[in-house]
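Chain and residue survey
For reference, the chains in residue letters:
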Amino acid sequence: MADVKVELKAEAAPAAEPSDLADVKVEVKDEAKPAAEPSDLEVKIFEQVEYYFGDANIRRDKFMKQTLDENDGWMPIDTLLKFNRLKKLSEANEVIAAALRKSSTGLLEVAEDGSKVRRSPLLPVPEWSDVVKKDTNRRTVYVKGFPLTSKLEE
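To keep things clear, this report deals only with the structure shown in the data block. Everything quoted here is computed from the prediction, not taken from an experiment.

**A short note on the overall build of the protein chain**
Each helix and strand in the protein chain was counted, giving seven helices and five strands. The N-to-C order of helical and strand elements in the protein chain reads β-β-α-α-α-β-α-α-α-β-β-α. Considering the protein chain as a whole, with its 154 residues, one finds that 26% of them fall into the buried category. Residue pairs in contact within the protein chain that sit at least 24 positions apart in sequence constitute 49% of those at least 6 positions apart.

Below, the structure written as structure tokens:
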């Protein structure tokens, strides 16, 4: 939450009646410090979690769908930390929650207590219709022939 400073300035006489308060000015100054840029680790964390909650993954991931259904759309961060790619980045709930709060995409919401995350209700998962399936297949590329020593990150 931002720090806000409120200053009241009265331009009426010191013994002003309540009806004279029309001359009172309220000045609000936002003294919040600019949010720090996310670190490289934080960017990796929120990009990974945004992938999990992204349109392409969330429609097909049965475990995610089931867990979200069981928790009113929320995913406990403890559960996310069972995902190997995220666990390699950090195993601390607080680090994950702090990183997710720094994302600027608006895709995710973190619970106030930092224990769980959900996809923003303002960005619902699009319907998986025949048109969407065809469009997805049209944009899908199958590639093979990479050396066995290659890593996904490369």
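Don't stop here, the text continues.
**Some words on unusual backbone geometry**
The backbone of Asp72 sits at a positive phi, close to 55°, despite the residue not being glycine. Summarising the element assignment, Asp72 is placed in the loop between helix H3 (62-70) and strand E3 (74-76).

**Overview of H3**
Among the residues of H3, those classed as buried are Met64, Thr67 and Leu68. Along H3, the residues classed as buried sweep out an arc of 100° about the axis, all on the same side. Projecting away from the buried face of H3 at angles above 90 degrees are the exposed residues Lys62, Asp69 and Glu70. Where H3 is buried, its residues contact helix H1 (40-53), helix H2 (55-58), E3 and helix H4 (77-80). Between a side-chain oxygen at the N-terminus of H3 and the backbone nitrogen of Phe63 the separation is 3.1 Å; the capping residue is Asp61. Asp72 sits one or two positions beyond H3 and adopts a positive phi of about 55°.

**So, the environment of Leu41**
Note that Leu41 resides in helix H1. Here Leu41 falls in the partly exposed class, since its relative accessible area comes to 37%. Along the backbone, Leu41 and Ser90 are 49 residues apart, and their C-alpha atoms lie at a distance of 8.7 Å.

**Structural notes on the packing of aromatic side chains**
Evaluation of the coordinates by the stated rule reveals three aromatic pairs. An aromatic cluster of three or more residues is present, and its members are Tyr51, Tyr52, Phe63 and Phe83. It is Lys116 that lies over the ring of Trp74; its NZ or CZ is 5.3 Å from the centre.

**Observations regarding the nonpolar core**
Ranked by size, the top nonpolar core spans 22 residues in total, and within it Phe53, Met64, Leu80, Leu86, Leu100 and Val117 carry the most contacts. Those residues in contact with Phe53, other than ones at most four positions away along the chain, are Ile58, Met64, Leu68, Met75, Leu80, Leu107, Leu108, Val117, Arg118 and Arg119.

**What to know about a nonpolar patch on the surface**
Judged by side-chain polarity, Val141, Val143 and Phe146 come together as a nonpolar surface patch covering roughly 340 Å² of accessible area. Tracing the chain through its elements places Val143 in the segment after helix H7 (130-138). Its relative accessible area of 49% is what places Val143 among the partly exposed residues.

**As for the pattern of salt bridges**
Under the defined criterion, the tally for this structure stands at five salt bridges. In this structure, Glu42 and Lys102 form a salt bridge, with 3.1 Å as the shortest nitrogen-oxygen distance. Residue Glu42 is found in helix H1, and its partner Lys102 is found in the loop between helix H6 (93-101) and strand E4 (108-110); the two are separated by 60 residues along the sequence. Ionic pairing is found between Asp55 and Arg119, a salt bridge with its closest N-O pair at 2.6 Å. Here Asp55, found in helix H2, pairs with Arg119, found in strand E5 (residues 116-119); they are 64 residues apart in sequence, far enough to count as distant. Accessibility expressed as a relative area gives 31% for Asp55, which makes it partly exposed. When salt bridges with common partners are traced through the structure, they connect Asp135, Arg138 and Arg139 into a single cluster.

What counts and how
Residues numbered from 1 in each chain as written. Predicted model: local features only at pLDDT ≥ 70, side-chain atom pairs only at ≥ 80, totals over all residues. Heavy atoms only, no water. Helix = DSSP H or I, 4+ residues; strand = E, 2+ residues; numbered from the N terminus. Buried < 20%, exposed > 50% of the residue type's maximum accessible area, 1.4 Å probe, protein only. Contact = heavy atoms within 4.5 Å. Arc of directions from axis to C-beta. Polar contact = N/O pair within 3.5 Å; in protein donor to acceptor, adjacent residues only side chain to side chain. Phe/Tyr/Trp six-rings, centres within 6.5 Å; stacked < 30°, edge-to-face > 60°. Lys NZ or Arg CZ within 6 Å of the ring centre and 35° of its normal. Core = buried A, V, L, I, M, F, W, Y, C linked by side-chain atoms within 4.5 Å. Patch = residues over 30% accessible without salt bridge, like charges linked within 9 Å, V, L, I, M, F, W, Y side chains within 5 Å. Areas by Shrake-Rupley, 256 points an atom, 1.4 Å probe, with all protein chains shown as cover. Salt bridge = Lys/Arg side-chain N within 4 Å of Asp/Glu carboxyl O.

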